Amino acid sequence: YTLAEEQFKIILINDRDYVDPAAQLMMAKSQLKQNNYEGAERTGKSFLKSYPKSIYEPDGLILLGDISLKNEKFTKAFRYFLNARRVAKQQQYIYQIDKRILHLSTLIITGQLKRDEAIKILKASPYPSDLQLSEDKDYFLKKHSLKKYG
């Protein structure tokens, strides 16, 4: 991820004159993967300020929500997720957010899960395995008559 971050910086500085929302967002995601939460948050906020109506806005809000979760700022994370849900135009974003929040809320309300345990789960991937994630993506694409990109 360090190499990826460096390459996105090169793209932004040399090739795009600091005007490339995708490269800026990917740089923030690279910083997050390196546990550079401060840098990722700074880059993510800069991205949202520079490109407020970008097609990548939900990605930026989800990223900032994930950073807030890692920093145990749960109210802030919830706000970012709700904002991401509000601006999301594609069902995939809404699904990513809703699946995690609704499942944990149900478990907490029914007393099957304590709040502290739910917080630990929220920090983890919403899928227990890459296979299940792949199956859900395939199902979603098939259900909406879409094709895989890339």
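First, a word on scope: everything that follows refers to the structure included in this document. Just so we're clear, the structure is a prediction, and the values are computed from it rather than from any experiment.

1. Focus: the overall build of the protein chain
Okay, so step 1: Looking only at helices and strands, one finds eight helices and zero strands in the protein chain.
Okay, so step 2: When the elements of the protein chain are put in sequence order from the N terminus, they spell out α-α-α-α-α-α-α-α.
Okay, so step 3: In the protein chain, which comprises 150 residues, the proportion classed as buried is 35%.
Okay, so step 4: Here the analysis covers contacts within the protein chain between residues at least 6 apart in sequence; of these, 45% occur between residues at least 24 apart.

2. Here we look at the pattern of salt bridges
Close approach of charged atoms allows side chains with opposite charge to pair.
Okay, so step 1: Summed over the entire model, instances satisfying the criterion amount to four salt bridges.
Okay, so step 2: Its salt-bridge partner being Lys-76, residue Glu-41 comes within 3.2 Å of it at the nearest N-O pair. Linking Glu-41 in helix H3 (residues 37-50) with Lys-76 in helix H5 (residues 74-87), this pair joins segments that are 35 residues apart in sequence.
Okay, so step 3: For Glu-41, a relative accessible area of 17% gives the class buried.
Okay, so step 4: Each member of the salt-bridge network shares a partner with another, and the members are Glu-41, Lys-45 and Lys-76.

3. Topic: the packing of aromatic side chains
Here a ring pair, both rings aromatic, is described through the centre-centre distance and the interplanar angle of the planes.
Okay, so step 1: Across all of its chains, the model carries one aromatic pair by this definition.
Okay, so step 2: Between Phe-47 and Tyr-51, the ring centres sit 5.8 Å apart and the planes meet at 45°, which makes this aromatic pair tilted.

4. A look at the packing of H3 against helix H4 (residues 57-70)
Okay, so step 1: In contact at an axis separation of 10 Å, H3 and H4 are set at 155° when each is read in the N-to-C sense. Here H3 is positioned roughly antiparallel relative to H4, judged by the angle of their axes. As H3 packs across H4, the resulting crossing turns out to be left-handed. Only Glu-57, Gly-60, Leu-61, Leu-63, Leu-64, Ile-67 and Lys-70 of H4 make contact with H3, whose side of the interface consists of Tyr-37, Ala-40, Glu-41, Gly-44, Lys-45, Phe-47 and Leu-48.
Okay, so step 2: Residue classes in the contact of H3 with H4 are distributed as eight nonpolar, two polar and four charged.

5. As for the side chain of Ser-54
Okay, so step 1: By the secondary structure assignment, Ser-54 is in the loop between H3 and H4.
Okay, so step 2: Of note is the side chain of Ser-54, whose polar atom sits 2.9 Å from the backbone nitrogen of Tyr-56.
Okay, so step 3: The contacts of Ser-54, once residues within four sequence positions are left out, are Pro-21 and Phe-47.

6. Focus on the packing of H4 against H5
Angle between the axes and distance between the axes: these two values describe a pair of packed helices.
Okay, so step 1: Following both chains from N to C, one finds H4 and H5 inclined at 165°, their axes separated by 8 Å at the closest point. Comparing their axes, H5 and H4 come out roughly antiparallel. Two packed elements cross with a definite hand, and for H4 against H5 that hand is left-handed. Counting all contacts with H4, which are made through Glu-57, Pro-58, Leu-61, Ile-62, Leu-64, Gly-65, Asp-66, Ser-68 and Leu-69, the residues of H5 involved are Phe-74, Lys-76, Ala-77, Tyr-80, Phe-81, Asn-83, Ala-84 and Val-87.
Okay, so step 2: Its residues assigned to classes, the contact of H4 with H5 comprises eleven nonpolar, three polar and three charged.

So, how was this worked out
- Residues numbered from 1 in each chain as written.
- Predicted model: local features only at pLDDT ≥ 70, side-chain atom pairs only at ≥ 80, totals over all residues.
- Heavy atoms only, no water.
- Helix = DSSP H or I, 4+ residues; strand = E, 2+ residues; numbered from the N terminus.
- Buried < 20%, exposed > 50% of the residue type's maximum accessible area, 1.4 Å probe, protein only.
- Contact = heavy atoms within 4.5 Å.
- Salt bridge = Lys/Arg side-chain N within 4 Å of Asp/Glu carboxyl O.
- Phe/Tyr/Trp six-rings, centres within 6.5 Å; stacked < 30°, edge-to-face > 60°.
- Axes fitted to C-alpha atoms, helices over the stretch in contact; angles between N-to-C directions.
- Parallel < 35°, antiparallel > 145°, perpendicular 65-115°, else oblique.
- Left-handed = near helix turned anticlockwise from the far one by under 90°.
- Nonpolar A, V, L, I, M, F, W, Y, C, P; charged D, E, K, R; others polar.
- Polar contact = N/O pair within 3.5 Å; in protein donor to acceptor, adjacent residues only side chain to side chain.

Limitation: the analysis is restricted to geometry and does not speak to function.
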